[in-house]
Amino acid sequence: MNIPGPIKNNAALRRLFLAGVQRFEAELSTYTVAADWNHPAGNERFLILTTDFATSKRLAVAFEEHDPLGRLYDIDILQAGSQRAVADGFGTAEASLLIMSPRSQGLRAFTAAFSG
């Protein structure tokens, strides 16, 4: 989550994170929770999606732009091979990885752990 200041996680921020995650997950057809991290530096959730890459990115952008709290969330969509999606020029893939994350270190750790 995009939280200003030195405090990035506490009970209230965890509840806020989970509320947004639940609203976003309700928009998805199918997914698998690959990891859910609750760190002092913030919360992260990693999902493996069966939705194609372009559709996954459109869902993420729509959530960030239209959900009342969507701008607090940092949703990254990756294709197989750890390519980060950009807002234009979507590609397609059989599966996408969705990351709701406040920090890029989690992305590196997750990629390293699962690229094996």
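The structure presented is a predicted model; accordingly, all values stated were derived computationally and were not measured.

**A look at the packing of aromatic side chains**
Between two aromatic rings, the relevant description is the distance of the centres plus the angle of the planes.
So, step 1. Within the structure shown, the criterion is met by four aromatic pairs.
So, step 2. Considering the side-chain rings of Phe-24 and Phe-63, the 5.2 Å spacing of their centres and the 75° angle between planes classify their relative orientation as edge-to-face. Of this pair, Phe-24 sits in helix α1 (residues 11-26) while Phe-63 sits in helix α2 (residues 53-66), placing them 39 residues apart in sequence.
So, step 3. A residue is classified by how much of its surface remains accessible, and Phe-24, at 1% relative accessible area, is buried.
So, step 4. Summarising the aromatic geometry, the rings of Phe-63 and Tyr-73 are spaced 5.6 Å apart at their centres and angled 65° between planes, so their arrangement reads as edge-to-face. Of this pair, Phe-63 sits in helix α2 while Tyr-73 sits in the loop between α2 and β3 (75-79), and the two are ten residues apart along the sequence. Each of the two residues, Phe-63 as well as Tyr-73, counts as buried.
So, step 5. Among the aromatic residues, ring-to-ring pairing joins Phe-17, Phe-24, Phe-63 and Tyr-73 into one connected group.

**Observations regarding α2**
So, step 1. Its 14 residues place the ends of α2 20 Å apart at the C-alpha level, agreeing with the 20 Å of an ideal helix rising 1.5 Å per residue.
So, step 2. Among all positions of α2, only Phe-53, Ala-54, Ser-56, Lys-57, Ala-60, Phe-63 and Glu-64 are buried.
So, step 3. One side-chain oxygen at the N-terminal end of α2 lies 3.2 Å from the backbone nitrogen of Ala-54; it belongs to Asp-52.

**Focus: the side chain of Asp-67**
So, step 1. Among the secondary structure elements, Asp-67 is positioned in the loop between α2 and β3.
So, step 2. Looking at Asp-67, the relative accessible area reads 14%, which means it is buried.
So, step 3. Polar contacts involving the side chain of Asp-67 include one to the side chain of Arg-23, which spans 2.8 Å.
So, step 4. The residues touching Asp-67, leaving out its near neighbours within four places in the chain, are Arg-23 and Ala-62.

**Some points on the packing of α1 against α2**
So, step 1. Running from N to C, α1 and α2 point in directions that differ by 135°, and their axes come no closer than 11 Å. Classified by the angle between their axes, α1 and α2 sit oblique to one another. The handedness of the crossing between α1 and α2 is right-handed. Note on element contacts: α2 touches α1 through Leu-59, Ala-60 and Phe-63, opposite Gly-20, Arg-23 and Phe-24.
So, step 2. When grouped by side-chain class, the residues that make up the contact of α1 with α2 number four nonpolar, one polar and one charged.

**Description of the confidence of the model for the chain**
So, step 1. Averaged over every residue, the pLDDT of the chain is 76; residues scoring 70 or more account for 68%.
So, step 2. Of all secondary-structure elements in the chain, the lowest mean pLDDT belongs to helix α3 (residues 104-114), at 49, while α1 reaches the highest, 93.
So, step 3. Contacts for the low-pLDDT stretch residues 85-96, under 50 throughout, to residues beyond four places or in other chains number 29 contacts.
So, step 4. Taken as a whole, residues 101-107 scores under 50 in pLDDT and shows 19 contacts with residues more than four places along the chain or in a different chain.

What counts as what
- Residues numbered from 1 in each chain as written.
- Predicted model: local features only at pLDDT ≥ 70, side-chain atom pairs only at ≥ 80, totals over all residues.
- Heavy atoms only, no water.
- Phe/Tyr/Trp six-rings, centres within 6.5 Å; stacked < 30°, edge-to-face > 60°.
- Helix = DSSP H or I, 4+ residues; strand = E, 2+ residues; numbered from the N terminus.
- Buried < 20%, exposed > 50% of the residue type's maximum accessible area, 1.4 Å probe, protein only.
- Expected span 1.5 Å × (residues − 1).
- Polar contact = N/O pair within 3.5 Å; in protein donor to acceptor, adjacent residues only side chain to side chain.
- Contact = heavy atoms within 4.5 Å.
- Axes fitted to C-alpha atoms, helices over the stretch in contact; angles between N-to-C directions.
- Parallel < 35°, antiparallel > 145°, perpendicular 65-115°, else oblique.
- Left-handed = near helix turned anticlockwise from the far one by under 90°.
- Nonpolar A, V, L, I, M, F, W, Y, C, P; charged D, E, K, R; others polar.
- pLDDT = per-residue confidence, 0-100.

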